[in-house]
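Understanding the architecture of this molecule
Each chain, written out:
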Amino acid sequence: MRWLVLFAFVALAACDVPAPTSQVQPRPQGGSTQVSQQDARTRAGVAARQFVSVVETVEPVAERECRRLVPGANCDFQIVVDDRPGQPPNAFQTVDRNGRPILAFNLALIASVGNADELAFVMGHEAAHHVLGHLGRTQQNAAVGAVILSGLAALGGADAATVQSAEQIGASLGARTYSKDFELEADQLGTVITARAGYDPVRGAQFFNRIPDPGNRFLGTHPPNAARMEIVRRTAAGL
C-alpha cells in the first residue's frame, strides 16, 4: 500500500487543480496567470499531504475494526487513486480478483473535501461497506432480481431478447433493493471508524451538505442527506 500512497502524493502534487472562478485572472494581467498556477499547485500539494495523512491514520483503524467485527475476513485494505482528469468527485469500494478490499478515490474528490475530517469520514464510510459485506450482498440481490424477472418474462412467453432485457432490468432493480439501507449502515460504522481514528465524524459528514440531495426517491440508490446526518449524529453521540 505504501507505494500507492506515495504515487497518490506525486500525482496530486504535480496536478494543476482548477482554481475557483473568482481567483482566475485574465491572461493579459502579466504575472497573474503564473500566480494562479502556483496557487493551484500549492493547493494540490496541501490536498496530497492531507490525503496521505488521512490514509496513514484511518487505514489501520479500519483494518482493526474489520478484524474485530468479521474475524477471518480479508481486512488488508489497498488504497488506490484514480488520476484521470475531468472526472466528477467519486470514491468507491471493491475487491480484486483475490478478494483483497480496495478503497478507490479520484483526484476530484481528494481536492473537493473541505477538511481532513470529511476525507476521513468518506474513507471510513467506504471501508465500512467492505466490513459489512455490502458488495457481496448487492451482487446476490442483483442475481435474485435477474432470475425472478427473467423467469416471469419466460413464463409469459417472451422471446429470447425480451427475456435477456428482463434479466438486466431485474438485476438493476435487485441491486437497488437495499442500497439505501446499506448506505446508512456504512454511515453508522463509518462514524465509528472516523471517530476512533481521531477525526470528527459529525464535522466530516458535513460533506453531504455540499453534494446534491437525492431525496427519498423510489428506487434511489442513496438516502436523503438529512437521514444520513441524523444517523451520524446519533452514532457519534453514543460513542
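Residues numbered from 1 in each chain as written. Predicted model: local features only at pLDDT ≥ 70, side-chain atom pairs only at ≥ 80, totals over all residues. Heavy atoms only, no water.

**Quick notes on the sheet that holds strand S2 (residues 91-95)**
Cut-off, in case you're wondering: Each pair of strands is called paired provided DSSP finds at least two bridges between the two strands. Counting from the N terminus, the helices are the DSSP runs of H or I reaching at least four residues and the strands are the DSSP runs of E reaching at least two. Simply put, an axis is a line fit to the C-alpha atoms, just over the touching stretch for a helix, and the angle between two N-to-C directions goes from 0 to 180 degrees. Any pair of residues with heavy atoms lying within 4.5 Å of one another is described as a contacting pair.
The strand order across the open sheet formed by 3 strands is S1-S3-S2, and the pairing between neighbours is mixed. With one partner strand each, in any of the chains shown, strand S1 (78-82) and S2 form the two edges of the open sheet. Neighbour to neighbour, the strand axes of the sheet diverge by 25 degrees on average, direction disregarded. In terms of strand pairing, S2 meets strand S3 (residues 101-106) through 5 bridges, oriented antiparallel. Bridge pairing links Val95 to Pro101 in S3. Running at roughly 30 degrees to S2, helix H4 (residues 116-131) makes contact with S2 and S3 of the sheet.

**Comments concerning the state of the cysteines**
Stated precisely, the cut-off is as follows: Criterion for a disulfide: a pair of cysteine sulfur atoms within 2.5 Å.
For the structure shown, the criterion picks out 1 disulfide. The disulfide partner of Cys66 is Cys75, and the gap between their sulfur atoms is 2.1 Å. Taking the sign of the S-S torsion, about -70 degrees here, the bridge from Cys66 to Cys75 comes out left-handed.

**Describing the pattern of salt bridges**
Where charged atoms from two side chains of opposite charge approach closely, those side chains can pair. Using the following cut-off: Should a side-chain nitrogen of Lys or Arg be within 4 Å of a carboxyl oxygen of Asp or Glu, the pair is scored as a salt bridge.
Taken as a whole and assessed by the stated rule, the structure comprises 8 salt bridges. Between Asp76 and Arg100 there is a salt bridge; the shortest N-O distance is 3.4 Å. Here the residue Asp76 occupies a position in the loop between helix H2 (32-69) and S1, and Arg100 occupies one in the loop between S2 and S3, the gap between them amounting to 24 residues. Each of Glu65, Arg68 and Arg196 takes part in one network of salt bridges that share partners.

**Focus: the side chain of Thr235**
Basically, it comes down to this: Only protein chains enter the accessibility calculation, which uses a 1.4 Å probe; a residue whose area is less than 20% of its type maximum is buried, one above 50% is exposed, and one in between is partly exposed. Polar contact criterion, stated in full: a pair of N or O atoms within 3.5 Å, where within protein one must be able to donate a hydrogen and the other to accept it, and residues adjacent in sequence count only if both atoms are side-chain atoms.
Along the chain, Thr235 turns up in helix H9 (residues 225-237). You can call Thr235 buried: its relative accessible area is 11%. Polar side-chain contacts of Thr235 include one of 2.7 Å to the backbone oxygen of Ile231. Among residues more than four places away in sequence, those in contact with Thr235 are Gln188, Thr191 and Val192.

**What about the pairing of S3?**
In terms of burial, S3 is largely enclosed, as 6 of its 6 residues are buried. Taking every second residue as pointing to the same face, both faces of S3 are buried, with Pro101, Leu103 and Phe105 on one and Ile102, Ala104 and Asn106 on the other. The pairing of S1 with S3 spans 5 bridges and is parallel. Following the sheet pairing, Val80 is matched in S3 by Ala104. With antiparallel pairing between neighbouring strands as the criterion, S2 and S3 make up a hairpin whose turn holds 5 residues, including Gly99 at a positive phi of roughly 85 degrees.

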